[in-house]
Amino acid sequence: MDVIELLPRLHLLRFPVGQAYLWRDGDEATLIDAGPAGSAAAIATRVEGRLRRIVLTHFHEDHVGGAGELAAMTGAEVLAHRLDAPAVRGEVPGPPPVFEDWERPLHAEALRHLPQGEFARPSEVTELRDGDQLDFGGGARVVHVPGHTPGSVALHLTADGVLFTGDSVAASPVDGTVMPGVFNVDRAQLLHSFAQLAAIGASITCCGHGGPIMGSWSPPRVSAATPTPPPPSPS
């Protein structure tokens, strides 16, 4: 796990697939996403003080895999949108993505780097709704952004201008190009959510994949019927 300081109170935790964010308020911390299974011990070493909550942006295993184990270790509350919470708890399978052709090899490659098999699920998940306010970072607003999954959420820390998008927004690892997230259940919904997040005008946007986006950004002009180009490959 690589650890990158973005702000004095904000660190990016990067895994072989995906990433999480650790926000600190005094002697309490909030984790946004929890990495793949097996990440809990490494994350725990980076927490200063008490881990109060783990907010999951959606149910995919590279974001929730460490949540159950970490919650059991620390007593942290786990939160997810009500539409994704049953999948987070393992009560139902989450709906599969509707792949574009160019996404299939990317998804297969990502799976190669994720732990296989079941993982510890959080036994209790607090269910979120659009517009809920969470008590960290001076007030974090929950924004329901369906499309990547039915219950995907973003978190907007209005006081600091920080936006956590989950996989609704991505940044190319090659050149930082801002693009809609991939592996979506409903691409038309995702593009609407993508534009909704761009309109917030955050000072720093923290994506589920790729580096942080500094300053405001604009969505590319794409439609649900227009294939999103794949991210550039390193030469």
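Bear in mind that the values here come from a model prediction, so they are computed numbers and not experimental data.

S.K.: What should I look at first to understand the pairing of strand S2 (residues 10–14) in this one?
M.R.: Alignment of strand S1 (residues 2–7) against S2, held across five bridges, turns out to be antiparallel. Across the sheet, residue glutamate 5 finds its bridge partner in S2, namely histidine 11. A loop of two residues connects S1 with S2, the two strands running antiparallel in sequence. Counting the residues in the hairpin turn of S2 and strand S3 (residues 19–25) gives four residues, including glycine 18, whose phi is positive at 85 degrees.

S.K.: Whenever I open this one, the packing of aromatic side chains confuses me. Can you help?
M.R.: Each pair of aromatic rings is reported with the distance of its centres and the angle of its planes. By the definition in use, this model includes three aromatic pairs. Judged by centre distance (5.5 Å) and plane angle (55 degrees), the rings of tyrosine 21 and phenylalanine 164 are tilted. Placement of the pair is tyrosine 21 in strand S3 and phenylalanine 164 in strand S11 (residues 162–166), with a sequence separation of 143 residues. For the pair shown, tyrosine 21 and phenylalanine 164 are each scored as buried. When the ring of phenylalanine 194 is compared with that of tryptophan 217, the centres are 5.2 Å apart and the planes differ by 45 degrees; the resulting orientation is tilted. Residue phenylalanine 194 is found in helix H6 (residues 187–198), and its partner tryptophan 217 is found in the segment after strand S15 (213–214); the two are separated by 23 residues along the sequence. Take phenylalanine 194: its relative accessible area is 1%, and that puts it in the buried class.

S.K.: Is there a simple way to explain empty space enclosed by the protein in this structure?
M.R.: The probe, sized like a water molecule, is rolled over the atoms to show the empty space still left. Evaluation of the coordinates by the stated rule reveals one cavity of 30 Å³ or more. In this structure, the largest cavity spans a volume of roughly 30 Å³. Lining the largest cavity are Tyr21, Ile32, Asp33, Thr57, Phe164, Thr165, Gly166, Cys206, Cys207 and Gly208. Elements with a minimum of two residues in the lining of the largest cavity: S11 and strand S14 (204–207). Per element, the largest residue contribution to the lining of the largest cavity is three residues, and it comes from S11. Grouping the constituent residues of the lining of the largest cavity by class yields five nonpolar, four polar and one charged.

S.K.: Please clarify how the sheet that holds strand S4 (residues 28–32) should be interpreted in this entry.
M.R.: For sheets, the rule is that strands pair by backbone hydrogen bonds, running either parallel or antiparallel. A sheet is described by the order of its strands in space; here seven strands give the open sequence S1-S2-S3-S4-S5-S6-S7, paired in mixed fashion. In this open sheet, the two edge strands, each paired with only one partner strand, are S1 and strand S7 (126–128). Taking the axes of each pair of neighbouring strands and ignoring which way they run, one obtains an average angle of 25 degrees across the sheet. Relative to strand S5 (residues 50–55), S4 runs parallel, the two sharing five bridges. Counterpart to leucine 31 in the pairing with S5 is isoleucine 54. Of the strands in this sheet, S4, S5 and strand S6 (77–81) touch helix H3 (residues 67–74), which is tilted by about 155 degrees from S5.

The rules behind the values
Per chain, the residues get numbers from 1 upward, laid out in the order the sequence is written. Per-residue local features of the predicted model are confined to residues with pLDDT of at least 70, and side-chain atom pairs are confined, for both listing and counting, to 80 or more; whole-chain, interface and lining totals are unaffected and use all residues. The side-chain figures draw on all heavy atoms in the structure; neither hydrogens nor water molecules are used. Pairing between strands is defined by DSSP: at least two bridges between them are needed. A run of DSSP states H or I qualifies as a helix once it reaches four residues; a run of E qualifies as a strand once it reaches two. Both are numbered from the N-terminal end. Centre distance within 6.5 Å is the pairing criterion for rings of Phe, Tyr and Trp, where only the six-membered ring of Trp is used; planes under 30 degrees apart are then read as stacked, over 60 as edge-to-face, and the remainder as tilted. With a 1.4 Å probe rolled over the protein chains alone, any residue whose accessible area is under 20% of its type maximum counts as buried; one over 50% counts as exposed, and the rest are partly exposed. The rule is simple: put a 1 Å grid over the protein atoms alone, call a set of points where a 1.4 Å probe fits but cannot get out a cavity, call an open set with protein on both sides within 12 Å along at least five of seven lines a pocket, and count a residue as lining if it has an atom within 4 Å of a point. Grid points are joined across faces, edges and corners, and a volume is the space filled by probe spheres set on the points. Charged residues are taken to be Asp, Glu, Lys and Arg, nonpolar residues to be Ala, Val, Leu, Ile, Met, Phe, Trp, Tyr, Cys and Pro, and polar residues to be all remaining types, Gly included. Only the contacting stretch of a helix is used when fitting its axis, a line to C-alpha atoms as for every element, and angles between N-to-C directions run 0 to 180 degrees. Should any heavy atoms of two residues lie within 4.5 Å, those residues are counted as being in contact.

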